[in-house]
Structure formats: structure tokens, C-alpha cells
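Survey of secondary and tertiary structure
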Amino acid sequence: LRALSGGLPVGFKLCVGHPAEVVALVHAMVDTGITPDFITVDGGEGGTGAAPPEFSNSLGMPLSEGLTHVHRTLVAAGVREKVRIICSGKVLSGFSIVRNLALGADLCNSARAMMFA
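What this report covers is the structure whose coordinates are included nearby. Throughout, a residue's number is its position along its own chain's written sequence, starting from 1. The model is predicted, so local features are restricted to residues of pLDDT at least 70 and side-chain atom pairs to those at 80 or more, both for listing and for counting; the totals for chains, interfaces and linings are taken over all residues. Each side-chain value is derived from all of the structure's non-hydrogen atoms; neither hydrogens nor water enter the calculation.

1. As for helix α1 (residues 19–32)
Put simply, DSSP marks the helices as runs of H or I at least four residues long and the strands as runs of E at least two long, and each gets a number from the N terminus on. Expected helix span is given by 1.5 Å per residue-to-residue step, counting one fewer step than there are residues. Counted at 1.5 Å a residue, the expected span for α1 with its 14 residues is 20 Å, and the 20 Å between its end C-alpha atoms agrees. Phi turns positive, to about 75 degrees, at G33, one or two residues after α1.

Written out as C-alpha cells, the structure reads:
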């Protein structure tokens, strides 16, 4: 994909459902030697508020837990320095941004607060 995009960064977005799936994904990165430039970790909180309550209450980990898990898994595998972590989902304030940076994010997307503004 990097070659096809002319060298633009390549990554993907996920919401952690089962921690073992993230571990398997990172092991595949180590085994193949192929890592994305970034992973965007979203929370299962239902970012826009438009998700049905059954989904936002039952699917995926909250952002803080998913972000911490992805960060620690990448560190344990020795590939954290190759992959940037972006967080999104329920980033509402400066405190939210600082908290997520402390939990391992390199940067944060904040759309919800802008939609409410």
C-alpha cells in the first residue's frame, strides 16, 4: 500500500474487542516484519452518540483500556517505536488529550467535542 500511495503513511483503525486479537495482530507484524505507520484506537463508547445503546454499551473496550492494551502489546513485541498510536473516541477536553497521551497515544483525534460546540 505504501508503494501504491506514493509513500503516504499507511495504517488502520480498530476498537479492541478481544485482547487476544490485538496480540495476534502484533505477533503477525513481528513474524512478517511488516508494520503499519499508525494504528488508530477507538473506544467502544459510541463516539457520535448515534450508535444504538446496545452497541455502545456492549461492544468494544473503552478507549482508555484499549489504548493501554495496544500500547503495552506493541512495547512488549518491540515494535512500538515503528508504529504511531492515534486515539479517538470520547476525547472531549484538554484533560482527555493529556490522559490519552500519558496512556500511550502519540496524538488524539477529537471530533465529538467539535460536534457539540
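More follows now that the structure is in view.
2. Side note on the environment of R72
Along the chain, the position of R72 falls in helix α3 (residues 63–77). Along the sequence, R72 and G104 sit 32 residues apart, while their C-alpha atoms lie 8.3 Å from each other.

3. Topic: the nonpolar core
We define a nonpolar core as any set of buried Ala, Val, Leu, Ile, Met, Phe, Trp, Tyr and Cys residues linked to one another through side-chain atoms lying within 4.5 Å. Think of it in three bands: residues with accessible area under 20% of the maximum for their type are buried, residues over 50% are exposed, and the middle band is partly exposed, with areas taken using a 1.4 Å probe on protein chains only. By size, the foremost hydrophobic cluster in this structure holds 19 residues, and its most contacted members are I39, V70, L74 and C87. The element contributing the most residues to this core is α3, with 4 residues. In this structure V70 touches L14, V16, V22, V41 and I85, once residues within four positions along its chain are discounted. Residue contacts are counted whenever heavy atoms from the two residues lie within 4.5 Å of one another.

4. Side note on the pairing of strand β1 (residues 11–15)
As defined by bridge partners, β1 adjoins strand β2 (residues 38–42) across 5 bridges and the pair is classed as parallel. If you follow L14 over to β2, its bridge partner there is V41. Two strands qualify as a pair provided that DSSP identifies no fewer than 2 bridges between them.

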